[in-house]
Amino acid sequence: MTTIKDIAKMAGVSHGTVSNVLNGRGNVSTKKMKLVEQAAQKLGYQLNAQAKVLREGQPNTVSIILPNIISEHYAHLYAGLNQYYTRHDYDIALYLTADQLALEQQFIQRIAAKRDHAVIVVSSLNDAESYYQALKIDPSRIVFVYRKPKNAIAFISLDFELAGKEIAEQIMSKQYRRLGLFSNYDKHTHSSSLKQGLLTQFAAKNYLVELKHIESASLNNTYSLAFDFFSQHQAPVEAIITSDIERAHYVLNASYLGSLDAPPTIYSLANNSAIYPAQIQQYQMNYGSLSDQIIDLLEHKVSPRQIKNSGFLFQSMSPASVTEQPATKITLLTLPSPSTQALLKLLPHFKKISHIDVEIVIKPFNEIPPILEQLKQHQHIDMIRIDIAGLPWFAQRCLKPLNALDFDLKPYLSHYPAEIVERFSYVQDVAYAIPFDPSIQMLFYRQDLFNNPWLKRVYFETYKQHLEVPTSFEAYQQVCGFFNRKINPDSPVDFGGCITLGNTELLASEFLVRYYAQGGQLTHGDKVELNPAIALQTLALLKEYLSVADKISASWWDESIIRFEQGQLAMLIVYMNLFYYITNKNIAPLLGYTTVPDLHPLIGGGSIGISKYSDKNQAVATFFNWLFSDEISEQIALLGGANIRDNIFQNKKIMTSYPWFELSEKEYAIGRRENTLPRSGLSINLRLIENIIGQHIQDWIIQDTDSRQTIDNINQALQQKAADILSS
């Protein structure tokens, strides 16, 4: 067996140097690192992770004990925990008990032989002391889930009692009396809570029922027990409540094969997915969020919060629940984006429940403002997706106030943070639009590059600084230069960052995010102009960036996102509502994200309002009721659209796929987009302003014009266009 001593001898370095290199620590030169790595590779040496843990005294294993991973609530629990701990370099040990007490006791003894970082368990035992006595770790790091045995210290579950109460309400609305309950043993907390919720709600309404309760633990015999609901010697049950979707499927099979009667209605607890088979009324439980609660408790010392049940989704969206209207078509003007593509996929559902056709007119970003300026010539347009930059300018010119529609606006806006509502809905205290795809600039980066010991050492030898995700634009440009292969031939990527040159407003955003970082602003009292000194500093910063960045001639962000996804870029600054495609690619596990350097991101995205020329208020109101519902908002996010409604953060699948959503929610408070005058609150034509700035920046880049003259030209153009920029 190859040892560290053998590697040291072949590499010609000390034993300590080899140890430091293999364990990723110490101040070792790149030359010696390369010698050690080459020697280790030739000798076939593999670092023993467990031995490393014993040397360093840090446990890196997590044990998870579950009855099975077939049941979706256990599968989602395991998936969330496995994803987090694997990403943080822990080894996961999974033990499946099949609800057998003896097997669980054996696993406890097996786990006791090692020293785990944490143990997470869905236990069949009556008392937690078996764990506390056997395992030599802090009892607070043994977390019991769903089932709370006696003496358990740390316990996390969902609100099963509320689920029982809300299912009972559905049953009473249908006037079902002969009921079945198919669940785990009553001794287990989650099962008893579900039953208690049912009985409590029935008793509160003096509603008498006949309840046949069949309990089972192991799934091995559960299928057979499902047939007991369909005995020939008893009156058929009208509805059956199941504690999980697996039992619901067993009931369906048993009804089909073992009964002459029509199948009963099945109410089942399920994960918060959108699968909606007609035979099963799903009560959705947000199983995926439990792993986040456990991680918060164990790793961040955050007390568990009550996770909100999603409940019965789509209940208000069945065709029977919508008053049939005459055949109608309404038109939405919008730009190409992941949110638009998600909406297109979902429109058949809206037509199915409303009998209203929705035509989506998709126009490039720069073609929408001219249409809005001449909206009277486009009266076929009923709804408009307006970018945040143009909302104050176009609201009164193009949109009806939302109080013209026949619905209560408050429930829709209450799902968003106050700063989003203020920026994306209201203009001079009047609500004109509802947030559709609010967005903000973010910095996405390759975690693997910033964690690479070799690259970190090379960077330190080059700059005498540590390689870190940049927090300032000066550091950002230095890192971009380091990852430019033309400058650093050893760079594993072509460029550190990029800039898109084919669109003047995109160039304006590159300028403005740096201009704000230097302390600049556009509006000064009732004037719009650049601060010459700060603008010159910004151009100097931008010029330095142009010397190291990948210069892309495209007219939109797509090309830069594709290059990042293909592994050609180390970092990318982009609006997060456009950053969707990456999540389905190989680069996704390597993805990191943070706020833009210097903490002055630009706000982007847009809202949807109704055209002042539309005469289809009722149809638009019906569409808005559908589009901005919890269910459809969630579906848009699942399909890649940007969304920061509060219900989105409860969906584990969404937050796993797009974890930057949570960060973006916190960024709006520091985001910038100057589309009104600070003194008077009047709107300004920010689109025109950004076009002027971008056009002159483009000329500065292409024609290499003087920087000071460029700033003077921008300010002169802003002054000449003042009548078109300032709201009348």
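Given the structure is predicted, the values throughout are model-derived calculations rather than measurements. (Residues numbered from 1 in each chain as written. Predicted model: local features only at pLDDT ≥ 70, side-chain atom pairs only at ≥ 80, totals over all residues. Heavy atoms only, no water.)

Our focus in this paragraph is the sheet that holds strand S7 (residues 210–215). Across the sheet, which stays open at both edges, the six strands sit in the order S7-S6-S8-S9-S10-S11 with mixed pairing between neighbours. The open sheet is flanked by S7 and strand S11 (311–312), the only strands paired with a single partner. By the bridge criterion, four bridges tie strand S6 (residues 178–183) to strand S8 (residues 239–242) in an arrangement that is parallel. Each bridged residue has a counterpart across the sheet, and for Phe182 the counterpart in S8 is Thr242. Contacting S6, S8, strand S9 (265–270) and strand S10 (280–284), helix H11 (residues 245–258) crosses the sheet at an angle of about 160° to S9. (Pairing = 2+ DSSP bridges. Helix = DSSP H or I, 4+ residues; strand = E, 2+ residues; numbered from the N terminus. Contact = heavy atoms within 4.5 Å. Axes fitted to C-alpha atoms, helices over the stretch in contact; angles between N-to-C directions.)

Running from amino to carboxyl end, helix H22 (residues 532–546) crosses helix H29 (residues 707–720) at an angle of 125°, the nearest separation of the two axes being 10 Å. Comparing the axis directions of H22 and H29 gives the class oblique. Between H22 and H29 lies a crossing whose hand is right-handed. On the side of H22, the interface is formed by Pro532, Ala535, Leu536 and Leu539, while H29 contributes Ser707, Arg708, Thr710, Ile711 and Asn715. Split into classes, the residues belonging to the contact of H22 with H29 amount to five nonpolar, three polar and one charged. (Parallel < 35°, antiparallel > 145°, perpendicular 65-115°, else oblique. Left-handed = near helix turned anticlockwise from the far one by under 90°. Nonpolar A, V, L, I, M, F, W, Y, C, P; charged D, E, K, R; others polar.)

This part is about the pairing of strand S13 (residues 356–362). Pairing of strand S12 (residues 328–334) with S13, which is carried by seven bridges, proceeds in the parallel orientation. In the sheet register, Thr328 faces S13, and the bridge partner there is Ile356.

Now for the pattern of salt bridges. Pairing is possible between side chains that carry opposite charge, provided their charged atoms lie close to one another. Under the counting rule described, the total for this entry stands at 23 salt bridges. A salt bridge links Asp387 to Arg687; its shortest N-O distance comes to 2.6 Å. Of this pair, Asp387 sits in strand S14 (residues 383–387) while Arg687 sits in helix H28 (residues 686–703), and the two are 300 residues apart along the sequence. The pair formed by Asp387 and Arg687 is uniform in burial state, with each residue classed as buried. (Salt bridge = Lys/Arg side-chain N within 4 Å of Asp/Glu carboxyl O. Buried < 20%, exposed > 50% of the residue type's maximum accessible area, 1.4 Å probe, protein only.)

In this fold, Thr97 is placed in the loop between strand S2 (91–96) and helix H6 (101–112). For Thr97, a relative accessible area of 0% corresponds to the buried category. If we ignore the near neighbours within four places in the chain, the residues touching Thr97 are Ile65, Leu66, Pro67, Leu103, Glu104 and Phe107.

Bringing the nonpolar core into the picture now. Ranked by size, the top nonpolar core spans 162 residues in total, and within it Phe483, Phe623, Phe624, Trp626, Phe661 and Ile693 carry the most contacts. Looking at this core element by element, the count peaks at nine residues for helix H21 (residues 504–517). Look past the residues within four positions of Ile693 in its chain and what remains in contact with it is Ala508, Phe511, Leu512, Leu522, Leu530 and Ile714. (Core = buried A, V, L, I, M, F, W, Y, C linked by side-chain atoms within 4.5 Å.)

All right, on to helix H5 (residues 72–87) then. Its 16 residues place the ends of H5 22 Å apart at the C-alpha level, agreeing with the 22 Å of an ideal helix rising 1.5 Å per residue. If you check which residues of H5 are buried, you get Glu72, His73, Tyr74, Leu77, Gly80, Leu81, Tyr84 and Tyr85. With its phi angle positive at about 65°, Asp89 sits one or two positions after the end of H5. (Expected span 1.5 Å × (residues − 1).)

Sheet architecture is open: five strands sit in the order S13-S12-S14-S26-S17, paired in mixed fashion. Only two strands of the sheet have a single neighbouring strand rather than two, namely S13 and strand S17 (434–435). Pairing between S12 and S14: two bridges, direction parallel. In the sheet register, Leu333 faces S14, and the bridge partner there is Ile384. Strands in contact with helix H15 (residues 391–398) are S14 and strand S26 (606–610); relative to S14, the strand with the most contacts, it is inclined by about 160°.

Let's shift gears to the packing of aromatic side chains. The geometry of an aromatic ring pair is captured by the separation of the ring centres together with the interplanar angle, meaning the angle of the planes. Following the criterion strictly, the structure yields 35 aromatic pairs and no others. Ring geometry for Tyr131 and Phe144: centres 5.4 Å apart, planes at 90°, overall edge-to-face. In this pair, Tyr131 is assigned in helix H7 (residues 129–134) and Phe144 in strand S4 (residues 142–145), connecting sequence segments 13 residues apart. Across the pair, Phe144 and Tyr131 agree in class, each one buried. With centroids separated by 6.3 Å and ring planes inclined at 90°, the aromatic side chains of Tyr132 and Phe144 adopt a geometry described as edge-to-face. (Phe/Tyr/Trp six-rings, centres within 6.5 Å; stacked < 30°, edge-to-face > 60°.)

Glancing now at unusual backbone geometry. Negative phi is the rule for most residues except glycine; trans is the rule for most peptide bonds. Even without a glycine there, the phi angle at Asn151 is positive, about 70°. With respect to the element layout, Asn151 can be found in the loop between S4 and strand S5 (154–156). If you check the backbone angles, Gln428 has positive phi at about 50° while not being a glycine. Inspection of the secondary structure puts Gln428 in the loop between strand S15 (426–427) and strand S16 (430–431).

Chain-level statistics for the chain give a pLDDT mean of 89 and a share of 93% at 70 or above. Confidence drops under a pLDDT of 50 for residues 320–324, and excluding neighbours within four residues, the segment shows five contacts in the predicted structure. (pLDDT = per-residue confidence, 0-100.)

Now for the pairing of S4. Burial of the side chains of S4 extends over both faces: Ile142 and Phe144 are buried on one face and Val143 and Val145 on the other. As paired strands, strand S3 (residues 118–121) and S4 are joined by three bridges and run parallel to one another. Bridge pairing in S4 places Ile120 opposite Val143. A crossover links S3 with its parallel partner S4, the connecting element being H7, and its sense is right-handed. With three bridges connecting them, S4 and S5 associate as parallel partners. Residue pairing in the sheet places Phe144 in a bridge with Phe155 of S5. (Right-handed = clockwise from strand over helix to strand, strands pointing away.)

To continue, consider the packing of H22 against H28. Where H22 contacts H28, the axes come no closer than 12 Å and their chain directions differ by 50°. In terms of axis orientation, H22 runs oblique to H28. Relative to H28, H22 is oriented so that their crossing is right-handed. In this structure, H22 uses Leu539, Leu542, Lys543 and Leu546 to contact H28, whose residues at the interface are Ile697, Trp700 and Ile701. Residue composition of the contact of H22 with H28, by class: six nonpolar, no polar and one charged.

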